[in-house]
Amino acid sequence: MSDLLRRTISRLTPPSGMEVEGNWFSNYGSLMDWNDVRYFVATYRAGSLTGAARMLGVSIQTVGRRIDALEAAIGSTLFVRHSGGYTATPDAEALMSEAGRVEEAVAGFRARANGRAEAISGVVRLAAPETITTHLLLPALRAILSQYTELELEIITGIAPVGIARGEADLALRLVPPDHGALTVRKAGMMCHGLYAGVGPVPDLASARLVGWTDDHDLPASRWLHRLTGRSADIRFNHLEAHRAAIVAGLGIGILPCFLSSGLLRLPSTLLMEEPLWLVGHAAAEMSKRVRVVYDEIAVIIAANAGRLTGRGENPEASYVNDVP
């Protein structure tokens, strides 16, 4: 746990009824409402007070006061204010990368306190990108499956959007928000990309072979690669893991999500390459209890992996080239 997170937690008032040993929540004497963490997380995810207020169902002024109070309490600036919204500082990124664990602990406590575990049973169908599923979601799902032993998960992976309104899935983790339907839509996080090469001599960007998507996939990564190099991919795949395997093998350079960067060389780029991750479900009034539990758990997992997704917590095995000749 980071020092920043310890400073934050040490000033929190625990949820009503939650017993803690000693003065773990009040080492610093001046207590702050536990909900301040919720306001921080919502502002981080929404990127603005307006979006956070909408997510929490409160006024913009309330969110602003909560964020100001949290920053004063922990002695750190968490957001840079500007006309376009709130931009997270490095301290906010560090806090967010671990705040998901706090959310998970509180959610688990409340679930046990409310005696809801026995009521959660049946199938929940989740649609999500395959690499996010295999690298981030699956390693973190044991806890919820152990808690709710009657819960069943059906996970649909792939690139093509799956329709919630059409009944193709109960939940979806998407890179593009839905443009219609009575749905619950939440910005769960951001996924950043980089330009990567296999370990070895630094490649010449002008002549290196390019690894990318097949022509029938109109994806941001293809457009970014063309903007950076002025060329289209020489080696094309319809599967992201194949992209990574080709780059690792030294067949060419290409664009990958930062959480897949282990063992690769990151090349410098001035182009901002990021995509929001949207968590989508049925309208809140129509969402069953079991679907809501999984919806909240997926949000917690994505929040806990914020550092890996943005590259700020990039795998230490990844190298970064400061200059390309």
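Everything numeric in this text was worked out from a predicted model, so none of it was measured. (Residues numbered from 1 in each chain as written. Predicted model: local features only at pLDDT ≥ 70, side-chain atom pairs only at ≥ 80, totals over all residues. Heavy atoms only, no water.)

Q: Residue-level account of the pattern of salt bridges, with values.
A: Per the stated rule, a full pass over the model turns up six salt bridges. Across the pair Arg-223 and Asp-218 runs a salt bridge whose closest N-O atoms are separated by 2.8 Å. (Salt bridge = Lys/Arg side-chain N within 4 Å of Asp/Glu carboxyl O.)

Q: Describe the environment of His-217, naming the residues involved and giving the relevant values.
A: The topology assignment puts His-217 in the loop between β9 (210-213) and α8 (220-229). Judged by its relative accessible area of 18%, His-217 is buried. Between the C-alpha atom of His-217 and that of Asn-238, which follows or precedes it by 21 residues, the distance is 7.5 Å. Among the polar contacts listed, one links the side chain of His-217 to the side chain of Thr-214, at a separation of 2.7 Å. (Helix = DSSP H or I, 4+ residues; strand = E, 2+ residues; numbered from the N terminus. Buried < 20%, exposed > 50% of the residue type's maximum accessible area, 1.4 Å probe, protein only. Polar contact = N/O pair within 3.5 Å; in protein donor to acceptor, adjacent residues only side chain to side chain.)

Q: Could you give me a rundown of the nonpolar core, with the residues and numbers involved?
A: Formed by 55 residues in total, the largest nonpolar core has its most connected members in Ile-132, Leu-137, Ile-298 and Ile-302. Among the elements that take part in this core, helix α10 (residues 289-304) stands out by supplying eight residues, more than any other. In this structure, Leu-137 is in contact with Leu-126, Ala-128, Ile-132, Ile-298, Ile-301 and Ile-302, ignoring residues within four places of it in sequence. Within the second largest apolar cluster, 22 residues are counted, among which are Ile-67, Leu-70, Leu-78 and Ala-92. (Core = buried A, V, L, I, M, F, W, Y, C linked by side-chain atoms within 4.5 Å. Contact = heavy atoms within 4.5 Å.)

Q: Account for the confidence of the model for the protein chain, naming residues and giving values.
A: For the protein chain, the mean per-residue pLDDT works out to 80, and 77% of the residues sit at or above 70. By mean pLDDT, strand β1 (residues 12-13) is the weakest element of the protein chain at 46, and strand β11 (residues 253-257) is the strongest at 96. Counting contacts from residues 11-32, a segment whose pLDDT is below 50, to residues more than four positions away or on other chains yields 40 contacts. (pLDDT = per-residue confidence, 0-100.)

Q: Requested: an account of the side chain of Thr-310, with residues and values cited.
A: Examined against the element boundaries, Thr-310 turns out to sit in helix α11 (residues 306-310). A polar contact is formed between the side chain of Thr-310 and the backbone oxygen of Gly-307, at a distance of 3.4 Å. Setting aside its immediate chain neighbours within four residues, Thr-310 contacts Tyr-44, Glu-93, Met-190, Cys-192 and Cys-258.

Q: Would you mind going over the side chain of Arg-244 in detail, with residue names and values included?
A: On the secondary structure map, Arg-244 appears in helix α9 (residues 240-248). No salt bridge is formed by the buried Arg-244; its nearest oppositely charged neighbour, Glu-241, is found at 5.6 Å. Once you skip the residues sitting within four places of it in the chain, Arg-244 turns out to touch Leu-256, Leu-260, Ser-262 and Leu-264. (Lys, Arg positive; Asp, Glu negative; His and termini not counted.)

Q: For α10, give the residues involved together with the corresponding values.
A: The terminal C-alpha atoms of α10, which comprises 16 residues, lie 23 Å apart, in line with the 22 Å expected from a rise of 1.5 Å per residue. Listing the buried residues of α10 in full gives Val-291, Val-293, Val-294, Tyr-295, Glu-297, Ile-298, Ala-299, Val-300, Ile-301, Ile-302 and Ala-303. (Expected span 1.5 Å × (residues − 1).)

Q: Just give me the short version of the environment of Leu-272, but keep the residues and values in it.
A: In this fold, Leu-272 is placed in the loop between β12 (264-267) and β13 (274-282). Taking the C-alpha atoms as reference points, Leu-272 and Trp-224, 48 residues apart in sequence, are found 9.0 Å from one another.

Q: So what's going on with the packing of aromatic side chains? Residues and values would help.
A: The tally for this structure, following the rule as stated, stands at three aromatic pairs. Aromatic side chains Phe-79 and Tyr-86 sit 5.7 Å apart centroid to centroid with 50° between the ring planes, which places their arrangement in the tilted category. Of the aromatic side chains, those joined through ring pairs into one cluster are Phe-40, Tyr-44, Phe-79 and Tyr-86. (Phe/Tyr/Trp six-rings, centres within 6.5 Å; stacked < 30°, edge-to-face > 60°.)

Q: Help me get a handle on the environment of Val-80, residues and values and all.
A: Among the structural elements, Val-80 can be located in strand β3 (residues 79-82). Residue class for Val-80 comes out partly exposed when judged on its relative accessible area of 45%.

Q: Before we move on, can you summarise the pairing of strand β5 (residues 121-128) with the specific residues and values?
A: Examined bridge by bridge, β5 and strand β6 (residues 150-157) share eight bridges and lie parallel to one another. The residue of β6 that forms the bridge with Val-124 is Leu-153. As defined by bridge partners, β5 adjoins strand β7 (residues 171-174) across two bridges and the pair is classed as parallel. Residue pairing across strands places Leu-126 opposite Leu-171, the latter belonging to β7. (Pairing = 2+ DSSP bridges.)

Q: Account for the state of the cysteines, with residues named and values stated.
A: Overall, the coordinates contain zero disulfides when judged by the stated rule. Cysteine Cys-192 shares no disulfide, and the gap to the nearest cysteine sulfur, in Cys-258, comes to 5.7 Å. Classification of Cys-192 by relative accessible area gives buried; the value is 8%. Residue Cys-258 is classed as buried on the basis of its relative accessible area of 1%. (Disulfide = S-S within 2.5 Å.)

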